[in-house]
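Understanding the architecture of this molecule
Now for the letters of each chain:
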Amino acid sequence: MNTRRLEIWILLADLAWMGLAFLCADLLRFGLTWDPNERASINALVPFVVATCTIWIALSAFMQMDGFRGGWKLSTVFSHLLLGTACTFAMLLTVGYLTRSYVSRLALAYFVLLLISGFLGVRCLARLLLRWKHEGGDVWRVVILGSGRVAQEVASKIELHPEMLCRVVGMLFPNQEAEELVVPGLEQENTAQLSTLDIFDLLARERVNEVIVALGQAPTAEIRTLLVRIRDTGVQTTLVPQSYELYASRPRLVTIDELPLFQLHDPGLRRRYVVLKRAMDVVIAAILLVPSWILLAPAFAALWLKKRNPVRTELRCGQYGQQFRMLRLNIDRAVRSDSWLESFFDRMSITEVPQLWNVLRGQMSLVGPRPDPLVRTSQYSEWQQRRLKVKPGMTGLAQVHGLREYSSSEQKTRFDLQYALNPYLLWDISLLLQTFWTLFLRLFSARRLGTFDVNWKPETTGDMLPNAHRTQSSAD
């Protein structure tokens, strides 16, 4: 299914639900009465419905309200809907105050509650329908040509986007590449050898619709020949640009006499966004600082008796490489701690609460990439250095996807650069809401799809020497 078409259908379903929610709010508040005074109150609610539709269309244009464009994640969907509905409700109250329109507050409350529950139901129903299509095999079947981190990224992104109705059914990569293939959701169980013709038989047998070329280097002459022959069989081919600069730039494809060119644009941080985000950091951190320290007083007392120092500092790398001392509770990670309470504090990230002081000092933000130790940042690759352009935060996009400080820098950088490409304040608020969800769901993980892998060597002496791997697991 075309993703743009799905966005439009979800928006139309939202608008239809608004009208239905208006009628339901009317029935809940007034029943089937025909009192003229109450009818006047109902009629006053009609402009609010029109205003709600207008506001929702505007929010959907830039806030990804469909729930799929950032990859399906229930906590993200709910936080976006909650935030969008809250913004809509605030605007409705403003419109009502400025126009001095009387409307039943109870009817308006019913209307808003029905909106958010219906919006969530629309997206869950869409996700369920997409899942049924996946399980029924009505999907676009893809094989990825490559074995490096680019191929891994393509496979993980496709898995995160069920609205594409696309499934990675296998990997195809030259076995002269020394690095081991590690793709989320793929496991190696058995091996086999295939000839050149066997590869085409394999593509036909698996009903492959598209081959995505995601190599870490320029295709060799043998690979280009293979791709031409694959296209001749009617299988679509797609090329992923090799440059990882695309992770920190907005690419735009232009052509000059059919010559394709990629323009890379650095979005940067708008001054208005920086000022508003700093104001939000100061206000929220100041509100939370005192009550959080009071709530943690028993933990401070226990740590003082045990270690004589409840809080410790760690030297971290901040924005633009500036060093600062990050505060945290003096608790080791759960794997090294013999205390159940300390393990609980670490698992629920309560150890990070003292960093509210770092936020007030301007060294950190509430939302942003987690600051890494200097030892790790000194080993950053060129594209990982780009995450230092954004002020580090207490939580971020990587953290709401279950990655901790000691997770792979490679994995975290993908999410951190995705966050840096879309800086706007509503997303920061949404990530704060998602953080609370993540704290309670950290032990859960997604189920994975079954696929096959093929490791082959380009034909130079007559044969291809692939490695075939097949797995079967339950669908997501």
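**Regarding the overall build of the protein chain**
- Assigned secondary structure in the protein chain consists of 15 helices and 12 strands.
- Pairs at least 24 residues apart make up 75% of the contacts formed inside the protein chain by residues separated by at least 6 positions.
- Counting only carbon and sulfur atoms, one obtains 61% of the accessible surface of the protein chain, whose full area is about 24800 Å².

**Notes on the packing of aromatic side chains**
- Inspection of every chain in the model, using the stated rule, returns 5 aromatic pairs.
- Ring centres of Trp 293 and Phe 300 lie 4.9 Å apart, and the angle between their planes is 55°; on these two criteria the pair is classed as tilted.
- The class of Trp 293 is partly exposed, set by a relative accessible area of 31%.
- Taken together, the aromatic side chains of Tyr 419, Tyr 424 and Trp 427 make up a single cluster linked through ring pairs.

**With respect to the pairing of strand E3 (residues 210–213)**
- Residues Glu 210 and Ile 212 line one face of E3 and the alternating positions Val 211 and Val 213 line the opposite face, and both faces are buried.
- Sheet topology places E3 next to strand E4 (residues 236–239); 4 bridges connect them, and they run parallel. Bridge pairing in E4 links Ile 212 to Thr 238.
- After leaving E3, the chain enters helix H7 (residues 221–232) and then returns to the sheet as E4, a path that is right-handed.

**Structural notes on the packing of helix H3 (residues 74–99) against helix H4 (residues 105–135)**
- Direction vectors running N to C along H3 and H4 enclose 150°, while the axes themselves pass 10 Å from each other. The angle between the axes of H3 and H4 places the two elements in the roughly antiparallel class. Of the two elements, H3 crosses H4, and the hand of that crossing is right-handed. Together, Leu 74, Val 77, Phe 78, Leu 81, Leu 82, Thr 85, Phe 89, Leu 92 and Leu 93 of H3 and Leu 108, Val 112, Ile 116, Phe 119, Leu 120, Arg 123 and Cys 124 of H4 make up the contact between the two elements.
- Class assignment for the residues of the contact of H3 with H4 results in 14 nonpolar, 1 polar and 1 charged.

**Topic: the environment of Thr 85**
- Here Thr 85 lies in helix H3.
- On the basis of relative accessible area, Thr 85 is assigned to the buried category, the value being 6%.
- Along the chain, Thr 85 and Thr 52 lie 33 residues apart, while their C-alpha atoms are 9.3 Å from each other.
- The contact partners of Thr 85, leaving out residues within four places of it in the chain, are Trp 56, Val 112, Ile 116 and Phe 119.
- Of note is the side chain of Thr 85, whose polar atom sits 2.7 Å from the backbone oxygen of Leu 81.

**Things to note about the confidence of the model for the protein chain**
- Residues of the protein chain with pLDDT of at least 70 account for 80%, and the chain-wide mean is 77.
- Scored below 50 in pLDDT, residues 177–192 shows 43 contacts in the model against residues more than four places distant or in partner chains.
- Segment residues 457–476 is flagged for pLDDT under 50; beyond a separation of four residues in sequence, or across chains, it makes 77 contacts in the model.

**What about the pattern of salt bridges?**
- Counted by the stated rule, this structure contains 13 salt bridges.
- Across the pair Arg 414 and Glu 153 runs a salt bridge whose closest N-O atoms are separated by 2.8 Å. Of the two residues, Arg 414 is situated in helix H14 (residues 409–421) and Glu 153 in helix H5 (residues 149–160); the sequence distance between them amounts to 261 residues.
- Exposure remark for Glu 153: the relative accessible area of 5% places this residue in the buried category.
- Note that Glu 314 and Arg 328 form a salt bridge whose closest N and O atoms lie 3.2 Å from each other. Note that Glu 314 is positioned in strand E7 (residues 311–317) and Arg 328 in strand E8 (residues 323–329), a separation of 14 residues in sequence. No difference in accessibility class separates Glu 314 from Arg 328, as the two residues are buried.

Here is what the cut-offs are and how they apply
- Residues numbered from 1 in each chain as written.
- Predicted model: local features only at pLDDT ≥ 70, side-chain atom pairs only at ≥ 80, totals over all residues.
- Heavy atoms only, no water.
- Helix = DSSP H or I, 4+ residues; strand = E, 2+ residues; numbered from the N terminus.
- Contact = heavy atoms within 4.5 Å.
- Areas by Shrake-Rupley, 256 points an atom, 1.4 Å probe, with all protein chains shown as cover.
- Phe/Tyr/Trp six-rings, centres within 6.5 Å; stacked < 30°, edge-to-face > 60°.
- Buried < 20%, exposed > 50% of the residue type's maximum accessible area, 1.4 Å probe, protein only.
- Pairing = 2+ DSSP bridges.
- Right-handed = clockwise from strand over helix to strand, strands pointing away.
- Axes fitted to C-alpha atoms, helices over the stretch in contact; angles between N-to-C directions.
- Parallel < 35°, antiparallel > 145°, perpendicular 65-115°, else oblique.
- Left-handed = near helix turned anticlockwise from the far one by under 90°.
- Nonpolar A, V, L, I, M, F, W, Y, C, P; charged D, E, K, R; others polar.
- Polar contact = N/O pair within 3.5 Å; in protein donor to acceptor, adjacent residues only side chain to side chain.
- pLDDT = per-residue confidence, 0-100.
- Salt bridge = Lys/Arg side-chain N within 4 Å of Asp/Glu carboxyl O.

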